[in-house]
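# Remarks on the overall topology
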Amino acid sequence: MKRGIFVSGNIAKLMDWIKPIVIATVLIVLVRSFLVTPIVVDGASMKPTLENGDRLIVKKIGDFERFDIVVFNTSIGTKYVKRIIGMPGDHIAYKNDELFINGILFEEPYLNSSKSQLEGALPFTLDFSLEETLNISKIPDGFYFVIGDNRRNSNDSRNAEIGLVAEKEIIGTTDVRFYPFNDIELLK
């Protein structure tokens, strides 16, 4: 009889450990699937805002706004991190290194440090318009125009390979860098 009590006692103790592990695992899967997930920046297209290897928290809920940093899936199966410049219904153009949305000049303060270090005769962002790059006059409903902060070295909506990003391909927005630890910050 003692052996039977000992075995059932061990099973009870084992179940005391298994229950919280299963509950924690289910909670982690749910949070990562529907609320937030970490991502690692791969490349230099968002410099100086983000560096290669930075780790970010991607928020999977909420609406997208102009100048949000978003993470999205591409047709080639990779994830990109870029900034939303154009919203549905917008006309986008760059002239003389200045952003015009629907004919109105918009400031981009997150580019100031890069522009101040500018060398050479080329502007930081070359002139373009939606008509020249994508052969459209307005961004259609359900799509966004995204650009990397490193305008001279970014594969983004200005290139036909990426083009406009469908809302359904956007994983979420990010405004928190949590690694490297000495650079933890809320992103602008």
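Residues numbered from 1 in each chain as written. Predicted model: local features only at pLDDT ≥ 70, side-chain atom pairs only at ≥ 80, totals over all residues. Heavy atoms only, no water.

With that settled, consider the overall build of the protein chain. Secondary structure assignment for the protein chain yields 3 helices and 12 strands. In the protein chain, buried positions account for 35% of the 188 residues. Pairs at least 24 residues apart make up 58% of the contacts formed inside the protein chain by residues separated by at least 6 positions. Element-wise, carbon and sulfur atoms account for 59% of the exposed surface of the protein chain, whose accessible area totals about 11500 Å². (Helix = DSSP H or I, 4+ residues; strand = E, 2+ residues; numbered from the N terminus. Buried < 20%, exposed > 50% of the residue type's maximum accessible area, 1.4 Å probe, protein only. Contact = heavy atoms within 4.5 Å. Areas by Shrake-Rupley, 256 points an atom, 1.4 Å probe, with all protein chains shown as cover.)

It is worth spelling out the pairing of strand β3 (residues 69-73) at this point. Among the 5 residues in β3, 4 count as buried, and that is most of the element. Pairing of β3 with strand β4 (residues 79-86), which is carried by 5 bridges, proceeds in the antiparallel orientation. Bridge pairing in β4 links N73 to K79. Linking β3 to β4, which pair antiparallel, is a turn of 5 residues; within it G77 sits at a positive phi near 85°. (Pairing = 2+ DSSP bridges.)

Right, let's get into a nonpolar patch on the surface. On the surface, I11, L14, M15, I18, V22 and V26 cluster together into a nonpolar patch covering about 500 Å² of accessible area. Note on placement: V26 falls in helix α1 (residues 2-34). On the accessibility criterion, V26 (44% relative accessible area) is partly exposed. (Patch = residues over 30% accessible without salt bridge, like charges linked within 9 Å, V, L, I, M, F, W, Y side chains within 5 Å. Salt bridge = Lys/Arg side-chain N within 4 Å of Asp/Glu carboxyl O.)

Now for the environment of G86. Mapped onto the fold, G86 is located in strand β4. Note: C-alpha distance between G86 and I101 (15 residues apart in sequence) is 7.5 Å. Not counting the four nearest positions on each side in its chain, G86 is found in contact with R66, I92, I139, Y144 and F145.

With that out of the way, let us pick up the sheet that holds strand β7 (residues 104-106). Strand order in this open sheet of 4 strands is β7-β6-β5-β8, and the pairing throughout is antiparallel. Each having just a single partner strand, β7 and β8 (128-129) make up the two edges of the open sheet. In this structure, strand β6 (residues 98-101) lies alongside β7, joined through 3 bridges in antiparallel fashion. When the sheet's bridge partners are listed, I101 is paired in β7 with I104.

What follows covers the environment of S129. Locating S129 in the fold gives a position in strand β8. Linking S129 and K95, residues 34 residues apart in sequence, is a C-alpha distance of 8.6 Å. At 3.2 Å, the side chain of S129 forms a polar contact with the side chain of E131. (Polar contact = N/O pair within 3.5 Å; in protein donor to acceptor, adjacent residues only side chain to side chain.)

It is worth spelling out the pattern of salt bridges at this point. Scanning all chains against the criterion turns up 6 salt bridges. Note that E51 and K47 form a salt bridge whose closest N and O atoms lie 3.6 Å from each other. Judged by its relative accessible area of 33%, E51 falls in the partly exposed class. Close ionic contact of D54 with R177 constitutes a salt bridge, the shortest N to O distance being 2.4 Å. Here R177 lies in strand β11 (residues 170-179) and D54 lies in the loop between β1 (36-40) and β2 (55-59), a separation of 123 residues in the sequence. Residue classification places R177 among the buried positions, given a relative accessible area of 5%.

Further remarks concern the packing of aromatic side chains. On inspection of all chains with the given rule, the structure shows 7 aromatic pairs. Judged by centre distance (5.8 Å) and plane angle (55°), the rings of F67 and Y110 are tilted. Note that F67 is positioned in the loop between β2 and β3 and Y110 in the loop between β7 and α2 (112-116), a separation of 43 residues in sequence. Classification of F67 as partly exposed rests on a relative accessible area of 21%. Through a chain of ring-to-ring contacts, three or more aromatic side chains come together here, namely F67, F106 and Y110. Stacked on the ring of F106, the Lys or Arg R66 has its end atom at 5.3 Å from the ring centre. Positioned above the aromatic ring of Y110, the side-chain terminus of R83 is 3.6 Å from the ring centre. (Phe/Tyr/Trp six-rings, centres within 6.5 Å; stacked < 30°, edge-to-face > 60°. Lys NZ or Arg CZ within 6 Å of the ring centre and 35° of its normal.)

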